[in-house]
Amino acid sequence: MPKKETDFFERVYQVAELIPRGRVTSYGAIANYLGSYRGARMVGWAMNKCSSWHRFVPAHRVVNSKGVLTGKHHFPGGETMSELLRNEGVKLMDNQIINFQEVFWDPSKELL
DNA sequence: CCGATGACTTGAA
DNA sequence: CTTCAAGCCATCG
């Protein structure tokens, strides 16, 4: 299996697409699943590139460790991310997920 | 190769 | 509560 430059992204996107509807996860959780939580920045960066990716990526289901929609500023409009999550049953308040612990989805545990 | 950037995280002041 | 600092890793010019 020859590795590609996009292999890292592919793993991130793959995990992102595995996130169940109405659930969310953190950049650190994905990074941790990939090997190191320190790669959280790369996860976020991969999300930035998701706009240029060839397929849809539920980046709106990915938040930071606080459950805050840090990436909403990168979505079109301004409430796109919030509306998407609300549409999935996620309760938000001031760009923060209220029941974060309830909807939190850890790939390293759920996909164990 | 080097420097800068980034949707992160943790901890300390 | 807010703000700063350091760590970490991949990509780009």
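Look above for the structure.
Counting restarts for each chain, with residues numbered from 1 along the sequence as it is written. For naming, the first written chain is A and the first written ligand is 1, with later ones following in the order written. Local features in this predicted model are restricted to residues of pLDDT 70 or higher, and side-chain atom pairs are both shown and tallied only at a pLDDT of 80 or more, whereas totals for entire chains, interfaces and linings draw on every residue. As a rule here, side-chain values cover all heavy atoms of the structure and leave hydrogens and water aside.

(A) Layout of the overall build of chain A. Numbering of helices and strands runs from the N terminus; a helix is a DSSP stretch of H or I covering at least four residues, while a strand is a stretch of E covering at least two. Helices and strands together make up the secondary structure of chain A, namely six helices and four strands. Each radius of gyration is computed over the set of C-alpha atoms, and the globule rule expresses the reference value as 2.2 Å times the number of residues to the power 0.38. In terms of overall size, chain A behaves like a compact globule, its C-alpha atoms giving a radius of gyration of 13 Å where 112 residues would be expected to give roughly 13 Å. Remark: exposure states derive from per-residue accessible area (1.4 Å probe, protein chains only) relative to the maximum for the residue type, with buried under 20%, exposed over 50%, and partly exposed in between. Out of the 112 residues in chain A, the part that is buried amounts to 40%. We call two residues in contact when some of their heavy atoms are within 4.5 Å. Taking as baseline every contact in chain A between residues at least 6 positions apart, the subset at least 24 positions apart corresponds to 65%. Residue exposure ignores everything except the shown protein chains as possible cover, and the areas themselves are Shrake-Rupley values with a 1.4 Å probe. About 7100 Å² of surface is accessible on chain A, with carbon and sulfur atoms providing 50% of the total.

(B) Structural context of the protein's contact with DNA strand B. If you check the shell around DNA strand B, you find 17 residues, and the closest are Arg41, Met42, Met47, Asn64 and Ser65. We call a residue near a molecule or strand when any one of its heavy atoms sits within 4 Å of it. If you look at DNA strand B and keep only atoms within 4 Å of the protein, 47% of those are sugar or phosphate atoms. We call two N or O atoms a polar contact when they sit within 3.5 Å, provided that within protein one can donate a hydrogen and the other can accept it, with sequence-adjacent residues counted only if both atoms are side-chain atoms. Interatomic distance of 3.5 Å between a backbone N/O atom of glycine 28 and a phosphate oxygen of DNA strand B. A distance of 3.1 Å separates a sugar or linking oxygen of DNA strand B from a polar atom in the side chain of histidine 74.

(C) Representation of the packing of aromatic side chains within the structure. Pairs were defined over the aromatic rings of Phe, Tyr and Trp, the Trp ring being its six-membered one, requiring ring centres within 6.5 Å. Orientation was assigned from the angle between planes: stacked under 30 degrees, edge-to-face over 60, tilted for the rest. Inspection of the entire model under this criterion finds five aromatic pairs. A centroid spacing of 4.7 Å and a plane angle of 45° characterise the contact between tyrosine 13 and tryptophan 53, whose relative ring orientation is tilted. With tyrosine 13 in helix α1 (residues 7-17) and tryptophan 53 in the loop between α3 (40-49) and β2 (62-63), the pair connects residues that are 40 residues apart, well separated along the chain. Across the pair, exposure class does not vary: tyrosine 13 and tryptophan 53 are buried alike. An aromatic cluster is built from Phe8, Phe9, Tyr13, Trp45 and Trp53, whose rings are joined through pairwise contacts.

(D) Main features of the environment of arginine 55. Following the sequence through the fold, arginine 55 ends up in the loop between α3 and β2. Taking the C-alpha atoms as reference points, arginine 55 and glycine 28, 27 residues apart in sequence, are found 22 Å from one another. Not counting residues within four places of it along the chain, the set of residues in contact with arginine 55 comprises Glu17 and Cys50. A polar contact is formed between the side chain of arginine 55 and the side chain of glutamate 17, at a distance of 2.7 Å.

(E) Representation of the environment of glycine 44 in the model. As for its placement among the helices and strands, glycine 44 is situated in helix α3. As a C-alpha pair, glycine 44 and glycine 71 span 27 residues in sequence and 8.2 Å in three-dimensional space.

From the geometry alone we can't say anything about function, so treat these as descriptive.
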